[in-house]
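# Examination of the molecular architecture
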Amino acid sequence: MTMRLYVAAGGGGDAIAAALLHDDPTTRPVILTYAWERLILDPVPGPRSVEDFEGLGQDVPGIAEILATTEARPPARSPLPRLTGTLNARLFLLDPSGGAIGMHEQIRAAVDYFKPDEVTVIDVGGDIIARGDEPGLRSPMADALVIAAVQDLGVLTRVWMAGPGLDGELTEAETLARVDELGGRLHRTLTSADTHNIGDALDWHPTEATRLLVAAARGYRGTVEIRDHGSLVKITDASTYVFALAPDQAEKENTLALELKNVKTLSSANAITLTCVGKSELDYEFTKSRSRRSEPTEWRNLGTASDALAAARRRGAEYLTPRRLAELTGNSKVDTKNLLINT
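Below or above, wherever it landed, is the structure these notes cover. Keep in mind that this is a model prediction, so the values were computed, not measured. (Residues numbered from 1 in each chain as written. Predicted model: local features only at pLDDT ≥ 70, side-chain atom pairs only at ≥ 80, totals over all residues. Heavy atoms only, no water.)

### Re unusual backbone geometry
A cis amide bond links Pro 74 with the next residue in sequence, Pro 75, at an omega value of 5°. Looking at the secondary structure, you find Pro 75 in the loop between β5 (71-72) and α2 (80-87). The phi torsion at Asn 88 lies on the positive side, around 50°, for a residue other than glycine. Position of Asn 88 among the secondary structure elements: in the loop between α2 and β6 (90-93). Positive phi outside glycine occurs at Lys 115, with the angle close to 50°. Among the secondary structure elements, Lys 115 is positioned in the loop between α3 (99-114) and β7 (118-124). Overall, Lys 115 belongs to the exposed group, its relative accessible area being 62%. (Helix = DSSP H or I, 4+ residues; strand = E, 2+ residues; numbered from the N terminus. Buried < 20%, exposed > 50% of the residue type's maximum accessible area, 1.4 Å probe, protein only.)

### Concerning the sheet that holds strand β9 (residues 185-189)
Within the open sheet, the eight strands sit side by side as β4-β6-β2-β1-β7-β8-β12-β9. Their pairing is mixed. Each edge of the sheet is formed by a strand with only one pairing partner; in this case those strands are β4 (65-66) and β9. Taken together, the four bridges between strand β8 (residues 157-162) and strand β12 (residues 241-245) define a ladder with antiparallel strand orientation. If you follow Val 159 over to β12, its bridge partner there is Leu 245. Along the sheet, helix α1 (residues 12-21) makes contact with β1 (4-8), β2 (30-33), β7, β8, β9 and β12, crossing β7 at roughly 120°. (Pairing = 2+ DSSP bridges. Contact = heavy atoms within 4.5 Å. Axes fitted to C-alpha atoms, helices over the stretch in contact; angles between N-to-C directions.)

### As for the side chain of Ser 78
Here Ser 78 lies in the loop between β5 and α2. Here Leu 80 takes part through its backbone nitrogen, which lies 3.2 Å from a polar atom of the side chain of Ser 78. Among residues more than four places away in sequence, those in contact with Ser 78 are Ala 35, Phe 53 and Ala 72. (Polar contact = N/O pair within 3.5 Å; in protein donor to acceptor, adjacent residues only side chain to side chain.)

### A word on empty space enclosed by the protein
According to the stated counting rule, one finds three cavities of 30 Å³ or more in the structure shown. As for the largest cavity, its lining consists of 27 residues, and the residues nearest its centre are Gly 10, Gly 11, Asp 14, Arg 38 and Arg 323. Among the elements of the structure, α1, β7, α4 (140-149), α7 (209-217) and α11 (281-294) are those that each provide at least two residues to the lining of the largest cavity. Top contributing element to the lining of the largest cavity by residue count: α1, with three residues. Here the lining of the largest cavity is composed, by residue class, of six nonpolar, eight polar and 13 charged. Taken as a whole, the second largest cavity encloses approximately 190 Å³ of empty space. Along the wall of the second largest cavity there are 14 residues; nearest its centre are Arg 38, Arg 227, Asp 228, Tyr 284 and Lys 288. Taken together, the elements giving at least two residues each to the lining of the second largest cavity come down to α11 and α14 (322-329). The biggest single contributor to the lining of the second largest cavity is α11, with four residues. The residue makeup of the lining of the second largest cavity, split by class, is two nonpolar, two polar and 10 charged. (1 Å grid on protein atoms, 1.4 Å probe; cavity = no way out; pocket = protein on both sides within 12 Å on 5 of 7 lines; lining within 4 Å. Points joined across faces, edges and corners; volume = space filled by probe spheres on them. Nonpolar A, V, L, I, M, F, W, Y, C, P; charged D, E, K, R; others polar.)

### Concerning the pairing of β1
Among the five residues of β1, five are classified as buried, and the element is accordingly described as predominantly covered. Side chains Arg 4, Tyr 6 and Ala 8 of β1 all project onto a buried face; the interleaved residues Leu 5 and Val 7 project onto the opposite face, where all are buried too. Across five bridges, the pairing between β1 and β7 is parallel. Bridge pairing links Ala 8 to Ile 122 in β7. Here β1 runs beside β2; their pairing, made up of four bridges, is parallel. Residue pairing across strands places Val 7 opposite Leu 32, the latter belonging to β2. For the crossover that starts at β1, traverses α1 and ends in the parallel β2, the hand is right-handed. (Right-handed = clockwise from strand over helix to strand, strands pointing away.)

Scope: geometric values only; no functional claims are made or implied.
Here you go:
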């Protein structure tokens, strides 16, 4: 079997997807991932660095391992320690505080230690292959930093992009067209049998794009309302597709990834993102966090679940994700054991 080192391009959800796509049942997947979660999981905006954790493993030189006993320093929170056990995976922190250069050094350290046959970047939805000027793009920086960081590793490197359009950023049509432009190829089509190696992760982790990927593989079809701004995403047969591309293909025409290659700090990366794209997920999170603190009633008093489901149905949604329902009702303790919630 091919020994792969996985890089989750978007945080915890993509780490779950990496475990799902891991195709060697005799080994634990090794996954480098951001600790960068939505505010409903981690109230502190932005990604977590090594300084935000206690009890990180230090056995592998140059990278910090997230153990089941690792804890985020309050007020930050992180689901990654729990994921380590749930996924039966080794998770290592991808810390972007040193920009793309620092991330490249971390990935290179993992390559030197584990000596993989291949580095495989995992992205659910397709924003990793965006040009950067698409109107629906909302999180350009995280993926562009990863694409910049995995160049020139000295080992075969590929991008696996699963579930075109499921993250509510690029549409399915935009993503499929972009795959075609970049010469990507269909790697595999997921079925229900492929979804059983992630344990009970989706029973408690509110990831949306990977949840929709699993739902598609298990036969769900229809329109789902996701994210805090209420994007409508269609689950189709194409939602089960996993495409393979080379990272230099994903970087092609992505001005932001090219500009971020030599960046050494997260603040510089954010400034370049704002200049190149006009928006940044980091700025968005800080703005949203300030809004919640200044108007807590607006966040906490948004109506009952039945009201939210009825309103979503009027907007054309057949399903809500648990996280979307939590956003609508202001209840961060919404039951996530339902894969999707019928409206």
